[in-house]
Amino acid sequence: MTSATSGGGDSDRTVPDSADLLVVGAGPAGSAAAAHAARSGLDVVLLDSARFPRDKTCGDGLTPRARSAMHQLGLAAFLADRPRITGLELNGWGARQRVEWPDSPFGRYGSAVPRTELDDAIRLFAVDQGAHMVEGAKAIDAEVTGGRLESVTVTRGGERSHISAKSVIVADGVRSVLGKSLGRTWHRDTAYGVAARSYAASDRSTDEWMGSHLELHGTDGELLPGYGWVFPLGDGTVNLGVGALATAKRPAAMALRPVLEHYARMVTDEWRLSAAPERIVSALLPMGGAVTGVAGVNWMLIGDAAACVNPLNGEGIDYALETAEAAVAMVAAESDFTRAWPAHLRNEYGQVFAAARRAAGLLTMPQTVPVLGRPGIRSAALMSAVVRVMGNLMTPDDTDLIARAWRTAGSAAIRFESRPPFT
């Protein structure tokens, strides 16, 4: 590895001009990929446009599947003193159901960690494994010949440089600047998410239940196609936010900040909030694999960049960590990712994403929300099934009625899709 000198701290003093593997984006997906690859002995450069620690729009919740993936990565100790979340406290239409996380291979507990801390921890773990971290460097373009990525153009401190690599993993998030330059296209005719997140002081920050309000109203009392959440962080605060589903035909025509502030007032007594919400940020979120152009000969998109996000709740940390591990395994096993990577994503997530995208599309119509939600919230069995689906807790080995029905719905949805996930 040779380098061009640039400013920065010890971990990013230089911008290398070559590597075995270049990982663009140091969120959970990118940092996990860098950790796996460096641990296997590859010369890895991990690049991010931000300087850490940095914030990210997120609900900060970790499902049992995400918590399990963190353990598999090697960060069990990091989660040891974090909140232990038993399940979801679901509210709506005058009813409340407390639903424990159902039994699964991923365990019975989730957690919650602010992304400022989570992302930095995984990034530092990757550095400990041997990855070379370059902060404050933005990947803006790529030179591609015959589908092979020859080099990535990087800007940093007003200077432009180029990094060549044998393989490139693109994990630069929902907007994926580098992904766009490589041909990644987000198709908004399928359901996508809009969300706003904040933090608020709460006397219930050590609760073992994540709060979720399925009946979300706007400032004028109108029912919205979305939900609110309150996730306890164990540090005297909760992550409080609102999310809505939308499509190109039915965009979410709402000002998120007023809706979030209205929601905070609604749950102030319930969650014993002692201050107004702070640090309000919002984001758009492609979901359910609704992108095309996710791989070339020696490059592939993972995590949020590949829209690996649950269409029903916007959760994607588990998918980020899983696609990171799978991508590094493919780097070692395949000489051409162009077909192999989309095929892997379709095989792993195609059915569930197709089913969830169809369901999410229905939920973009406000009139369907009470029709489904009013009777559903009163059924413990139905809410348990909903939590299982929203938590990504079904596996191919599950043979019960709910699992078989969900897979059947996914298979049917794929047959009717003109654009299946990840093509």
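You'll find the structure just up there.
To keep things clear, this report deals only with the structure shown in the data block.

1. Details of the pattern of salt bridges
- The tally for this structure, following the rule as stated, stands at 17 salt bridges.
- The partner of D119 in a salt bridge is R54, and the shortest N-O contact between them spans 2.7 Å. Residue D119 is located in helix α4 (residues 115-129), and its partner R54 is located in the loop between β4 (44-47) and β5 (61-62); the two are separated by 65 residues in the primary sequence.
- Judged by its relative accessible area of 0%, D119 falls in the buried class.
- Using a relative accessible area of 11% as the deciding quantity, one classes R54 as buried.
- Between R204 and E89 there is a salt bridge, and its shortest N-O distance comes to 3.7 Å. Taken together, the positions of R204 in the loop between β14 (192-201) and β15 (209-213) and E89 in strand β6 (residues 87-92) put the pair 115 residues apart, joining distant regions of the chain.

2. A closer look at α4
- Spanning 15 residues, α4 covers 21 Å between terminal C-alpha atoms, matching the ideal 21 Å at 1.5 Å per step.
- Within α4, the full set of buried residues consists of R115, L118, D119, D120, A121, I122, R123, F125 and A126.

3. Looking at helix α8 (residues 340-363)
- The end-to-end C-alpha separation of α8 is 33 Å, in line with the 34 Å expected for 24 residues at 1.5 Å each.
- Remark: the principal bend of α8, roughly 60°, maps to Y349.
- Residues of α8 that are buried in the fold lie against α2 (64-73), β17 (237-246), β20 (299-301), α7 (317-333) and α11 (401-416).

4. What about unusual backbone geometry?
- Cis geometry marks the peptide bond from F52 to P53, where omega comes out at -5°.
- Along the chain, P53 turns up in the loop between β4 and β5.
- Even without being a glycine, D60 presents a positive backbone phi close to 70°.
- Along the chain, D60 turns up in the loop between β4 and β5.
- Not every positive phi belongs to a glycine, and N392 is a case in point at roughly 55°.

5. As for the environment of E117
- Within the secondary structure, E117 is located in helix α4.
- Those residues in contact with E117 that sit more than four places away from it in its chain are F78 and R82.
- A polar contact of 2.6 Å, which involves the side chain of E117, links it to the side chain of R82.

6. Description of the nonpolar core
- Counting residues in hydrophobic clusters, the biggest one holds 99 residues, and the most contacted among them are L22, L47, I169, M300, I302 and W341.
- No other element matches α7, which puts ten residues into this core.
- Ignoring anything within four residues of it in the chain, the contact list for L47 reads L22, V23, V24, G25, A26, V134, A137, A139, V154 and I163.
- By size, the runner-up hydrophobic cluster in this structure holds 17 residues, among which are L90, M210, Y227 and L393.

7. Considerations on the sheet that holds β17
- As summarised here, the arrangement of the seven strands in space is β7-β6-β15-β16-β17-β14-β18, forming an open sheet in which the pairing is mixed. Only two strands of the sheet have a single neighbouring strand rather than two, namely β7 (95-100) and β18 (278-285). On average, each strand axis in the sheet is tilted by 20° relative to the strand beside it, whichever way the strands run.
- As paired elements, β15 and strand β16 (residues 226-232) share three bridges and run antiparallel to each other. Residue pairing in the sheet places G211 in a bridge with V230 of β16.
- Helix α6 (residues 256-267) contacts β14, β15, β16, β17 and β18 of the sheet and is inclined by roughly 130° relative to β17.

8. Observations regarding the pairing of strand β3 (residues 18-24)
- Summarising burial for β3: five of the seven residues are buried, a large majority.
- In this sheet, β4 lies alongside β3 in parallel orientation, the contact comprising four bridges. Bridge pairing in β4 links V23 to L46.

Conventions adopted
The residue numbers shown here count from 1 along each chain, following its written sequence. Totals for whole chains, interfaces and linings use all residues, but because this is a predicted model, local features are given only for residues with pLDDT of at least 70 and pairs of side-chain atoms are given and counted only at 80 or more. For side-chain calculations, the full set of non-hydrogen atoms in the structure is used, while hydrogens and water are omitted. Whenever Lys or Arg places a side-chain nitrogen within 4 Å of a carboxyl oxygen from Asp or Glu, that contact is recorded as a salt bridge. The secondary structure listing takes helices from DSSP runs of H or I that are at least 4 residues long and strands from runs of E that are at least 2 residues long, numbered from the N terminus. Exposure is judged per residue with a 1.4 Å probe applied to protein chains only, and the accessible area is read against the type maximum: over 50% gives exposed, under 20% gives buried, and values in between give partly exposed. In this scheme, a helix's expected span is set at 1.5 Å multiplied by one less than its residue total. One axis is fitted to the seven residues ending at the residue and one to the seven starting there. The bend at that residue is the angle between these axes. The criterion used for residue contact is that any of the two residues' heavy atoms lie within 4.5 Å. Nitrogen and oxygen atoms within 3.5 Å of one another constitute a polar contact, given that in protein one can donate a hydrogen and the other can accept it, and given that sequence-neighbouring residues count only through two side-chain atoms. Side-chain atoms within 4.5 Å link the members of a nonpolar core, which is a set of buried Ala, Val, Leu, Ile, Met, Phe, Trp, Tyr and Cys residues. Here, strands pair whenever DSSP counts at least two bridges between them. A fitted line through C-alpha atoms serves as each axis, taken over the contacting stretch for helices, and the angle formed by two N-to-C directions is quoted from 0 to 180°.

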